[in-house]
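Fold and geometry: a report
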Amino acid sequence: MSFYDEVKKYQDFDFDGFFERTNEADVQRVLAKNRLTPLDFLALLSPTAEIYLEEMASKANRLTVQHFGRTMQLFTPIYVSDFCVNQCVYCGFRVTNGLKRHKLSAREVAAEAGKIAESGLKHILLLTGDSRQQSPVEYIKECAAILKGYFTSIGIEVYSLQGEEYAELVKAGVDSLTMFQETYDPVLYARLHPAGPKRDYRFRLEAPERGGAAGMRSLNVGALLGLGEWRRDAFFSGLHVDYLQRCYPAVEVGLCPPRMRPYSGADFQPASVVNDENLVQYIAAFRLFMPRSGVTVSTRESAAFRDNLVRLGVTRMSAGVSNAVGGHSAEDVTGQFEIADKRSVAEMAASLYRQGYQPVYKDWQML
């Protein structure tokens with residue numbers, strides 16, 4: 001039994017019919033409840049629920065303050081390699097995109113880490129492209145060993161690994177795993193990933209479970225909004241968080257709801273446009289469904305919009321971001337996509353203070 005089996009339960013579910021049948025009384029009934037079922041969550045994602053957005057946002061704010069206080073954990077990514085063998089049609093790092101590729105040496109990883117550490121951040125997210133030849137597990141372990149000298153929490157967002165490989169990384173000091181399924185629609189997933197190891201839908205879907213079993217302290221999942229119908233991917237993302245939390249109650253499980261952004265060599269157009277109101281609805285609905293789960297919003301979103309999301313239910317944000325390999329210490333490097341919020345860590349912290357929130361630089365110390 002895995003989350004793959006949970007997804008299969010909904011393979012014949014009539015989402016369009018459900019949304020058509022959902023009326024205002026249904027939404028009001030859900031909003032009056034303290035504990036929601038998966039179909040309650042889906043009702044809050046419905047078009048009908050859009051007129052209750054203010055009420056949803058208000059309740060989401062109360063629940064977030066109740067469980068997390070007025071705090072915001074800050075982190076930043078470190079891209080150590082952009083070599084990739086996949087042909088994901090929506091990604092700037094895909095193998096057919098003519099980038100000048102780069103992989104950081106141990107010395108360059110240390111230089112990049114040192115530059116980031118000057119900001120005061122203690123949480124780092126290590127990213128690579130999908131290339132076992134250029135970025136084998138041993139290389140990721142070597143990078144983690146260097147990062148341990150600068151940061152108290154090391155997360156990874158890399159290609160899907162076997163359970164024993166996650167266990168190796170946990171032993172090396174990695175404590176957090178982020179894994180985007182991109183879309184939970186298996187048919188669409190196959191079209192978006194025509195070649196490469198990432199084409200294996202189920203292996204990627206079950207990666208967070210392998211990470212949880214291997215001892216990861218934190219798991220973060222989600223879909224890339226815009227690839228498919230956003231309400232369905234939002235629903236399955238929420239179910240994924242719920243499933244993982246039930247399977248691994250001692251693990252912190254959170255949601256990441258990124259939207260498509262332009263990238264270098266762009267020739268892919270999103271299947272659907274997810275506007276700001278849609279994203280607000282998604283985050284608020286998720287907070288009501290999973291009151292104790294974290295929500296991460298990246299610099300894909302603009303500074304003004306992220307400031308507005310602070311009170312909605314978000315608990316974790318990136319700051320001082322470069323999504324290019326060596327981007328903190330090198331020039332003329334190409335990132336994975338365009339960054340919308342380019343504020344430094346200090347500027348992000350100042351914005352949070354102005355809103356009455358406490359930026360958190362460290363909430364975990366590895367052994």
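Our structure's up above, just so we're on the same page.
Quick notes on the rules
Residues numbered from 1 in each chain as written. Predicted model: local features only at pLDDT ≥ 70, side-chain atom pairs only at ≥ 80, totals over all residues. Heavy atoms only, no water. Helix = DSSP H or I, 4+ residues; strand = E, 2+ residues; numbered from the N terminus. Expected span 1.5 Å × (residues − 1). Buried < 20%, exposed > 50% of the residue type's maximum accessible area, 1.4 Å probe, protein only. Polar contact = N/O pair within 3.5 Å; in protein donor to acceptor, adjacent residues only side chain to side chain. Phe/Tyr/Trp six-rings, centres within 6.5 Å; stacked < 30°, edge-to-face > 60°. Contact = heavy atoms within 4.5 Å. Pairing = 2+ DSSP bridges. Right-handed = clockwise from strand over helix to strand, strands pointing away. Axes fitted to C-alpha atoms, helices over the stretch in contact; angles between N-to-C directions. Parallel < 35°, antiparallel > 145°, perpendicular 65-115°, else oblique. Left-handed = near helix turned anticlockwise from the far one by under 90°. Nonpolar A, V, L, I, M, F, W, Y, C, P; charged D, E, K, R; others polar.

Examining helix α12 (residues 230–247)
- Helix length check: α12 (18 residues) gives 26 Å between terminal C-alpha atoms against 26 Å at 1.5 Å per residue, within 8%.
- Most of α12 sits out of view: 15 of its 18 residues are buried.
- Put simply, Glu229 is the residue that caps the front of α12, since its side-chain oxygen is 3.1 Å from the backbone nitrogen of Arg231.

Some thoughts on the packing of aromatic side chains
- In the structure shown here, the tally under the stated rule is 18 aromatic pairs.
- Their ring planes at 65° and their centres at 6.4 Å tell us that Tyr4 and Tyr201 sit as a pair that is edge-to-face. With Tyr4 in helix α1 (residues 3–8) and Tyr201 in helix α10 (residues 201–205), this pair connects stretches of sequence that are 197 residues apart.
- Overall, the relative accessible area of 24% leaves Tyr4 in the partly exposed class.
- Measuring from centroid to centroid gives 4.8 Å for Phe13 and Phe15, while their planes differ by 70°, and the two rings are edge-to-face.
- The exposure class assigned to Phe15 is buried, which follows from its relative accessible area of 4%.

Structural notes on the environment of Leu188
- Mapped onto the fold, Leu188 is located in helix α9 (residues 186–192).
- Accessibility expressed as a relative area gives 11% for Leu188, which makes it buried.
- Setting aside residues up to four positions removed in sequence, Leu188 forms contacts with Thr183, Leu227 and Gly228.

Some words on the pairing of strand β1 (residues 71–81)
- Extensive coverage of β1 is indicated by the burial of 10 of its 11 residues.
- Across three bridges, β1 lies against strand β9 (residues 358–360) in parallel orientation. Across the sheet, Met72 pairs through a bridge with Pro359, a residue of β9.
- Relative to strand β8 (residues 316–318), β1 runs parallel, the two being bridged by three bridges. What sits directly across from Gln73, in β8, is Arg316.
- Tracing the backbone out of β1, into helix α6 (residues 106–117) and back to the parallel element strand β2 (residues 123–128) gives a crossover that is right-handed.

Observations regarding the packing of α6 against helix α7 (residues 137–147)
- Direction vectors running N to C along α6 and α7 enclose 40°, while the axes themselves pass 10 Å from each other. In terms of axis orientation, α6 runs oblique to α7. By crossing handedness, the relation of α6 to α7 is classed as right-handed. Counting all contacts with α6, which are made through Ala106, Val109, Ala110 and Ala113, the residues of α7 involved are Tyr139, Cys143, Ile146 and Leu147.
- Within the contact of α6 with α7, the residues separate by chemical class into eight nonpolar, no polar and no charged.

Looking at helix α13 (residues 276–289)
- For α13, built from 14 residues, the straight-helix expectation of 20 Å at 1.5 Å per residue is met to within 8% by its first-to-last C-alpha distance of 20 Å.
- For α13, a buried count of 12 out of 14 residues is recorded, marking the element as mostly surrounded by other parts of the structure.
- The opening residue of α13 is Asn275, an N-cap whose side-chain oxygen sits 3.1 Å from the backbone nitrogen of Glu277.

Here's the deal with the pairing of strand β7 (residues 294–297)
- Where strand β6 (residues 252–255) and β7 come together, two bridges link them in parallel fashion. Paired with Leu255 across the two strands is Val295, which belongs to β7.
- Note: β7 against β8, two bridges, orientation parallel. Across the sheet, residue Val297 finds its bridge partner in β8, namely Met317.

By themselves, these are just geometric observations and shouldn't be taken as functional.
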